[in-house]
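# Structural features, examined
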Amino acid sequence: MKKFTCITIASLLMGIAALPAAARGPVVNHAISEAEVLAAQQAWCKALVDISSTNTNSGPVAAKALAEKVIDEAYGYQMGAVLFKPTLAAASQAFRTSREGALAYFVGGDPAYPKDTGFALKGWTKCDIANAGIFIAGGSASTMGNVIFTGKDGKVTSVDKTWAFVKDDAGKLRIVVHHSSLPYSGN
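Here's what I pulled together on the structure shown here. (Residues numbered from 1 in each chain as written. Predicted model: local features only at pLDDT ≥ 70, side-chain atom pairs only at ≥ 80, totals over all residues. Heavy atoms only, no water.)

### Re the packing of aromatic side chains
To be explicit about the condition: Two aromatic rings, drawn from Phe, Tyr or Trp (for Trp, its six-membered ring), form a pair once their centres lie within 6.5 Å of each other, and the interplanar angle then sorts them: stacked below 30 degrees, edge-to-face above 60, tilted otherwise.
Tallying each qualifying case throughout the model produces 14 aromatic pairs. Joined through ring pairs, the aromatic side chains of W44, Y75, Y77, F84, Y105, F106, F119, W124, F149, W163 and F165 make up one cluster.

Printed below as a string of structure tokens:
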């Protein structure tokens, strides 16, 4: 009887292994690739420049509408709080865990954030990423490095930036941590 059970189990296992993949059910893989991270960073840079040029060419209402779209597509606020600490935020409002806080930082105009003047409205013409490192662990990725902005006057501003990304249920990469600061000047 024992011999029969082992043979039966072995036959079942071999039969299961021979089934086509579709018979096993869907496979969900939220693994993140380096190419996806780099593409998300470049998309963020392009969006910032696009918001600036939209403000210049079409005004603040159009820039705000574009910023809302960008935030909804790039950040994970629909998944919960995003840990967003922008570069030039007042100390009492340095941490922005809500979509409204991020939008206020990018385009200003929100009485709840009276010191925000709209970082994305500053006339940026170019944005580049210089990663110091990228750490990918399956379904999450973190980056740290510099983001270099060029203004319409040609002045270059570099900020230290850390991002963390995860994929949403549709498999789209989302920013869930965004920490930015000015480099230490030594003064």
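### Brief notes about the packing of helix α3 (residues 60-74) against helix α4 (residues 99-107)
How two helices sit against one another is set out by the angle between their axes and by the gap between those axes. Applied cut-off: To obtain each axis, a line is fitted to C-alpha atoms, and for helices this fit is confined to the stretch in contact; angles are then taken between N-to-C directions over 0 to 180 degrees. Numbering of helices and strands runs from the N terminus, with a helix taken as a DSSP run of H or I at least four residues long and a strand as a DSSP run of E at least two residues long. Any angle from 65 to 115 degrees is called roughly perpendicular, while one under 35 is roughly parallel, one over 145 is roughly antiparallel, and all others are oblique. Crossings are assigned a handedness: left-handed for a near helix turned anticlockwise from the far helix by less than a right angle, right-handed for a clockwise turn. Note on contacts: a residue pair is in contact if any heavy atoms of the two residues lie within 4.5 Å.
In the contact formed by α3 and α4, the axes pass within 10 Å of each other and the chain directions differ by 135°. With respect to α4, the axis of α3 lies oblique. Viewed along their axes, α3 and α4 form a crossing whose handedness is right-handed. Residue-level inspection shows A63, K64, A67, E68, I71 and D72 of α3 in contact with α4, the latter providing R99, A102, L103, F106 and V107.

### Quick word on the state of the cysteines
Two cysteines form a disulfide when their sulfur atoms are joined by a covalent bond. How we decide: Cysteine sulfur atoms that pair up within 2.5 Å are treated as a disulfide.
Summed over the entire model, instances satisfying the criterion amount to one disulfide. Put simply, C45 and C127 are joined by a disulfide, and their sulfur atoms are 2.0 Å apart. Between C45 and C127, the S-S torsion sits near -50°, and that sign places the bridge as left-handed. Taken as a pair, C45 in helix α2 (residues 34-58) and C127 in strand β2 (residues 124-137) lie far apart in primary sequence, 82 residues in all.

### A few points about the sheet that holds strand β5 (residues 173-181)
Note the threshold: At least two DSSP bridges between two strands are needed for those strands to be called paired.
Strands sit in the order β1-β5-β4-β3-β2 across an open sheet of five strands; the sheet is mixed. Edge strands, defined here as strands with exactly one partner in the open sheet, are β1 (83-85) and β2. Direction aside, neighbouring strands of the sheet carry axes that sit 25° apart on average.

### Topic: α4
Put simply, the rule reads: Accessible area is worked out with a 1.4 Å probe on protein chains only. A residue is then buried under 20% of its type maximum, exposed over 50%, and partly exposed in between.
Most of α4 is tucked away: seven of the nine residues are buried. Every buried residue of α4 is listed here: G101, A102, L103, A104, Y105, F106 and V107. Taken together, the buried residues of α4 touch α2, α3, β1 and β5.

### Looking at the nonpolar core
This is how it is decided: Working definition of a nonpolar core: buried Ala, Val, Leu, Ile, Met, Phe, Trp, Tyr and Cys residues. They are joined through side-chain atoms within 4.5 Å.
Counting 36 residues, the largest nonpolar core has W44, L48, I51, Y75, F106, V147 and F149 as its most contacted members. Where this core is concerned, the elements lending two or more residues are α2, α3, α4, β2, β3 (140-151), β4 (156-167) and β5. Looking at this core, the element that brings in the most residues is α2, giving seven residues. Not counting residues up to four positions away in its chain, the partners in contact with F106 are W44, L48, I71, Y75, F84, G118, F119, A120, L121 and H178.

### Some details on α3
The test is simple: A helix is expected to span 1.5 Å for every residue after the first. The reported arc concerns the directions from the helix axis to the C-beta atoms and nothing else.
When the terminal C-alpha atoms of α3 are compared, their 20 Å separation across 15 residues agrees well with the 21 Å that a helix rising 1.5 Å per residue should span. The complete set of buried residues in α3 reads A63, A67, V70, I71 and A74. Along α3, the residues classed as buried sweep out an arc of 95° about the axis, all on the same side. Here the buried face of α3 lies against α2, α4 and β5.

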